[in-house]
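Summary of structural features
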Amino acid sequence: MGLHRAAHPHIGKNAPTAIVVGGGVSGLLAARELAAAGVRVTLLEQKDHLGGAVGAHEVGGLLLDSGAESYATRSPIVSELVKELGLGEHIVTPNPHGSWLYLPFGARKTPNTGIMGIPGNLDDKTLLGVLGRAGLRRAKLDKALPASVGAKAKTLGELVRARMGNKVLKNLVAPVVSGVYSAHPDQLDADATIPGLREGLKKYKSLAAASAALRSQAPAGSQVASLSGGLNQLSEKLVEDLYTKCARIIAGFDVIAIDRDSVTGEWFVIQRHTADGEIQATLRADYLVLATDGPTTARLLGSHIKTSLPTLEHGPEVALVTLVVEQPALNAHPRGTGMLVSEEVTNVRAKALTHVSAKWPWVAEAVGKDKHVVRLSYGRGGENASISDVALADEQLITLALHDAAKLLDVPITAHELLDADVVRWSNVLPRTAPGHRDKVKTFRELTAQLETVCVVGTWAAGSGLVSTVRDTREQVEQFLKRNTPQADGAKRGEEAAG
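Residues numbered from 1 in each chain as written. Predicted model: local features only at pLDDT ≥ 70, side-chain atom pairs only at ≥ 80, totals over all residues. Heavy atoms only, no water.

If you check an unreviewed UniProt entry, the chain appears there as Coproporphyrinogen III oxidase from Rothia aeria F0474. Here the chain is described in UniProt, under the heading Subcellular location (unreviewed entry), as follows: "Cytoplasm". What UniProt records for the chain under Pathway (unreviewed entry) is the sentence "Porphyrin-containing compound metabolism; protoheme biosynthesis." (UniProt positions renumbered as here; feature names shortened; annotations may be inferred.)

Structure, rendered in structure tokens:
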């Protein structure tokens, strides 16, 4: 039924036990923190692989990232984890070719200031080609408007529209947000999407200045970093580290319900047996950590929380199409490291394209001369599933991706140039941070804390991106351990000192 390891030999038989449901990065990290604190951990994962959206696949003989390929550098928290896991020497930043936008009137180079498409320097000359004269004049009003304008905006779209106008929203912010979140800025909570943006507006009296300040937090001018050989190594190292701590890991374990022993207070999970359809309670533990998506977490805890639960929607399905092609014309990286596509474009269906071999030197070296790796993303939020590109068969998506790549890169790319391709589909990995999301998460966690021995983590609660996920998971597990095992902090410090 998957992978197994015995209990940690240095953890006493009377040590508390924990079940972690969910084997994505948040679940793996939570399990690691618990095991390091002297808790006997069992991690359960529904699928047959661990790491969630930080995974790998083989295309054209190359082992490439199948989901997340980089992390934001405006906080050192992920780099610190990477170094803890012994991967510090593998940290790399992308080539400085820059990125492009594909708008209804053609391709334009992306302004290189600001964050999430919000320009940080309104005097940037590239803005004129993206916004037009009228759009740029409206954007510059941001400097003159009082800080109170947009202060009460609930969504990111409302905030940008109020401060800088509709052109900035449509031509800059919307393509970025769609590429990252598969949603429109009007659907996303402003505070949850860009933490610190509203505080920056209050401080600097300008949205552009607030955006520039957030951008400046990234070291060496690069907003993202990755690992030579692929970000998927992060998941692999977390798994290996759990093995060294002898945590028990079981893949292919589908938890359909949880319950609690009214006498002992222990939690036990109810597993679906896919072969015969029968169900059976199989595992018990003192502590329960849910590292699943939001709707699953709400469903599993629903019968144990008396107050009504917050509405937690599934995110859209996303399909990533990776193409390995032989096309010397791409050697000049005509669209930099990639493109984000406006939802108003009608001749291209992809929402984003990454020229992977132009972005990461290690990929260019691995793929070889005149060969290139291109990845296209499909699945905008709000699409009708019956007509969504994601609903297409793999072969159809690959054909569509060849057409879109040729249009976006302005280079002939046909089946003749195609060496290999693969389609990876993701469900529920992009949380919908609708207005009020942070308050809903806070309320949900307050209710969960009343159960005392339950901890809730995951991207849906933390916010999108590894920085948010890693920070939130560590904070939540630390608080959980302080509530339940006061001796854990001292034991952990003693272990680290001895090590």
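After presenting the structure, the write-up continues.
With the rule as written, the count across this model stands at two aromatic pairs. With centroids separated by 5.6 Å and ring planes inclined at 90°, the aromatic side chains of F444 and W460 adopt a geometry described as edge-to-face. Here W460 lies in helix α15 (residues 459–462) and F444 lies in helix α14 (residues 437–449), a separation of 16 residues in the sequence. W460 shares its class with F444; the two are buried. Above the plane of the ring of W100 lies R335, whose end atom (NZ or CZ) is 4.7 Å from the centre. (Phe/Tyr/Trp six-rings, centres within 6.5 Å; stacked < 30°, edge-to-face > 60°. Helix = DSSP H or I, 4+ residues; strand = E, 2+ residues; numbered from the N terminus. Buried < 20%, exposed > 50% of the residue type's maximum accessible area, 1.4 Å probe, protein only. Lys NZ or Arg CZ within 6 Å of the ring centre and 35° of its normal.)

Once that is clear, we can look at the packing of helix α3 (residues 126–140) against helix α5 (residues 166–181). Where α3 contacts α5, the axes come no closer than 8 Å and their chain directions differ by 160°. One finds that α3 runs roughly antiparallel with respect to α5. Judged by the twist between their axes, the crossing of α3 over α5 is left-handed. Packed against α3, whose contacting residues are L127, V130, L131, G135 and A139, the element α5 presents K167, V168, N171 and L172 at the interface. Here the contact of α3 with α5 is built from residues that sort into six nonpolar, two polar and one charged. (Axes fitted to C-alpha atoms, helices over the stretch in contact; angles between N-to-C directions. Parallel < 35°, antiparallel > 145°, perpendicular 65-115°, else oblique. Left-handed = near helix turned anticlockwise from the far one by under 90°. Contact = heavy atoms within 4.5 Å. Nonpolar A, V, L, I, M, F, W, Y, C, P; charged D, E, K, R; others polar.)

It is worth spelling out the pattern of salt bridges at this point. If you walk through the whole model with that rule in mind, you get 20 salt bridges. Between D394 and R425 there is a salt bridge; the shortest N-O distance is 2.8 Å. Here D394, found in helix α13 (residues 394–409), pairs with R425, found in strand β19 (residues 418–426); they are 31 residues apart in sequence, far enough to count as distant. On the basis of relative accessible area, R425 is assigned to the partly exposed category, the value being 30%. Within the structure, one salt-bridge network assembled from shared partners comprises R32, E33, E84, D241, K245 and R474. (Salt bridge = Lys/Arg side-chain N within 4 Å of Asp/Glu carboxyl O.)

As a further point, take helix α4 (residues 156–164). By the burial criterion, the buried members of α4 are L156, G157, L159, V160, R163 and M164. The buried residues of α4 occupy one face: seen down the axis, they fall within an arc of 165°. The elements touched by buried residues of α4 are α3, α5, α6 (190–193), α7 (197–204) and α8 (207–216). Of the residues one or two after α4, G165 is the one with positive phi, at around 100°. (Arc of directions from axis to C-beta.)

Our next topic: the pairing of strand β7 (residues 100–103). By the alternation rule, side chains of β7 split into W100 and Y102 and L101 and L103, which are all buried. By the bridge criterion, four bridges tie β7 to strand β8 (residues 106–109) in an arrangement that is antiparallel. Residue pairing in the sheet places W100 in a bridge with K109 of β8. Inspection of the sheet shows β7 paired to strand β16 (residues 338–341) by three bridges, in the parallel sense. Residue pairing for β16: L101 is matched across the bridge by L340. (Pairing = 2+ DSSP bridges.)

This brings us to the sheet that holds strand β14 (residues 287–290). Strand order in this open sheet of five strands is β10-β2-β1-β14-β20, and the pairing throughout is parallel. Each edge of the open sheet is held by one strand with a lone partner, namely β10 (248–251) and β20 (454–456). Strand-to-strand, the axes of this sheet are offset by a mean angle of 15°, without reference to chain direction. Bridge count for strand β2 (residues 40–45) against β10 is four bridges, and the pairing is parallel. By the bridge assignment, L43 is partnered in β10 with I249. Where helix α16 (residues 466–484) meets the sheet, it contacts β14 and β20, and its direction lies at approximately 170° from that of β20.

Think of a sheet as strands paired side by side through backbone hydrogen bonds, with each pair either parallel or antiparallel. Spatial ordering of the open sheet is given by β5-β9-β6, a layout of three strands whose pairing is antiparallel. Both edges of this open sheet fall to β5 (71–72) and β6 (91–92), since each of them pairs with a single strand only. As paired strands, β6 and strand β9 (residues 224–227) are joined by two bridges and run antiparallel to one another. Bridge assignment links V92 to a residue of β9, and that residue is S226.

As a further point, take unusual backbone geometry. With a phi close to 50°, M116 is a non-glycine residue in the positive phi region. Within the secondary structure, M116 is located in the loop between β8 and α3. The class of M116 is buried, set by a relative accessible area of 17%. Positive phi is not limited to glycine here, since C246 has a value of about 60°. Mapped onto the elements, C246 comes out in the loop between α9 (233–244) and β10.

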